[in-house]
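Fold and contact review
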Amino acid sequence: MIRRTPRTHGEILAAAARRFAVTGYKGTSLQDIAREVGCSKAAVLYHFAGKEALLAELMAGPISVLCELDERISTLTGAAAQRVAAEGFVDLAVRFRGEIALLRGEFPELLAQPAFAHIQLISERLIEAMTGPDGGQDARVAALVLLAGIAEGCGAFADIPDEELRPALLAVAQRVLVTAAPPPPRPTLDHQHQD
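These lines cover the structure that appears in this document, whether it is placed above or below. (Residues numbered from 1 in each chain as written. Predicted model: local features only at pLDDT ≥ 70, side-chain atom pairs only at ≥ 80, totals over all residues. Heavy atoms only, no water.)

Here the focus is the overall build of the protein. Scanning the protein from terminus to terminus reveals 11 helices and zero strands. Buried residues in the protein amount to 39% of all 195 residues. Long-range pairs, those at least 24 residues apart, make up 68% of the contacts in the protein with a sequence separation of at least 6. When the accessible surface of the protein is summed, it comes to about 11600 Å², and 57% of that surface belongs to carbon and sulfur atoms. (Helix = DSSP H or I, 4+ residues; strand = E, 2+ residues; numbered from the N terminus. Buried < 20%, exposed > 50% of the residue type's maximum accessible area, 1.4 Å probe, protein only. Contact = heavy atoms within 4.5 Å. Areas by Shrake-Rupley, 256 points an atom, 1.4 Å probe, with all protein chains shown as cover.)

Laid out in structure tokens, this is it:
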């Protein structure tokens, strides 16, 4: 087999994305990526410090947008925070559905890596924004399932155009968040009778 030199940094990145999509992050080795590109593992390591660096670069766009969303919700409370968090996450997931699909089923392992540690904190703040200050355990569970479902839905429904998927996801988010919201307090009746 004639080995060719990778033309660009981007060629290795594209090969990594294809391999991660087929065999997952955990199931892909640097040798697999090198084989797909037609170069040596050393050539891959010349461009990237390791597999984590490849993933970090592939996920740079979504992570940047997630950090921007985190900044926006940090100044909001209540219904405004809930709305911005849900809409912002749906927009991010739809826009970067290809990148998110690369990670399907591997989020817990990836969040344990140092390059992605801050994502866990942002996820917690998104959940808090969606549940509100009075959100109990049921609201937290609903928000977590909603975030995971949005990410999974974007990967699973790759054939649905963005302009159809976004409103469908927003409608689901609204139903879940309204259902999970604590009910308003019931008015109490004064049972004291005056004679």
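Next, the rest of the story.
Moving on, we get to the packing of aromatic side chains. Each aromatic ring pair is characterised by the separation of its centres together with the angle its planes make. Tallied over the full model, the rule gives one aromatic pair. When the ring centre of Y25 is taken as origin, the NZ or CZ atom of K51, which lies over that ring, is 4.5 Å away. (Phe/Tyr/Trp six-rings, centres within 6.5 Å; stacked < 30°, edge-to-face > 60°. Lys NZ or Arg CZ within 6 Å of the ring centre and 35° of its normal.)

The volume enclosed by the largest pocket comes to roughly 590 Å³. If you trace the largest pocket, you find 26 residues lining it, with F89, F107, L111, I119 and S123 closest to the centre. Breaking the lining of the largest pocket down by element, the ones donating at least two residues are α5 (60-74), α6 (78-95), α8 (107-111), α9 (117-131) and α10 (137-156). Class assignment for the residues of the lining of the largest pocket results in 20 nonpolar, three polar and three charged. (1 Å grid on protein atoms, 1.4 Å probe; cavity = no way out; pocket = protein on both sides within 12 Å on 5 of 7 lines; lining within 4 Å. Points joined across faces, edges and corners; volume = space filled by probe spheres on them. Nonpolar A, V, L, I, M, F, W, Y, C, P; charged D, E, K, R; others polar.)

Let's shift gears to the environment of E52. Here E52 is to be found in helix α4 (residues 51-58). Overall, E52 belongs to the partly exposed group, its relative accessible area being 27%.

Moving on, we come to the pattern of salt bridges. Here the idea is simple: oppositely charged side chains can pair when their charged atoms come close. Using the criterion set out here, one finds eight salt bridges in the structure. Here R125 and D70 are joined by a salt bridge, their closest N and O atoms 2.7 Å apart. Linking R125 in helix α9 with D70 in helix α5, this pair joins segments that are 55 residues apart in sequence. Close ionic contact of R83 with E87 constitutes a salt bridge, the shortest N to O distance being 3.6 Å. With R83 and E87 both in helix α6 and four residues apart, the pair spans about one turn of that helix. Among the charged side chains, a network of salt bridges with common partners joins R18, R19 and E36. (Salt bridge = Lys/Arg side-chain N within 4 Å of Asp/Glu carboxyl O.)

A few words on helix α2 (residues 30-37). Residues L30, D32, I33, A34 and V37 constitute the buried set of α2. Two residues or fewer after α2 comes G38, characterised by a positive phi angle close to 90°.

What follows is about the packing of α5 against α9. Running from N to C, α5 and α9 cross one another at 40°; their axes reach a closest spacing of 10 Å. In terms of their interaxial angle, α5 and α9 are classed as oblique. Helix-helix and strand crossings are classified by hand; for α5 and α9 the assignment is left-handed. Residues I63, L66, C67, L69, D70 and I73 of α5 touch α9, and the partners they reach there are H118, I119, I122, R125, L126 and A129. Counted by class, the contact of α5 with α9 contains nine nonpolar, one polar and two charged residues. (Axes fitted to C-alpha atoms, helices over the stretch in contact; angles between N-to-C directions. Parallel < 35°, antiparallel > 145°, perpendicular 65-115°, else oblique. Left-handed = near helix turned anticlockwise from the far one by under 90°.)

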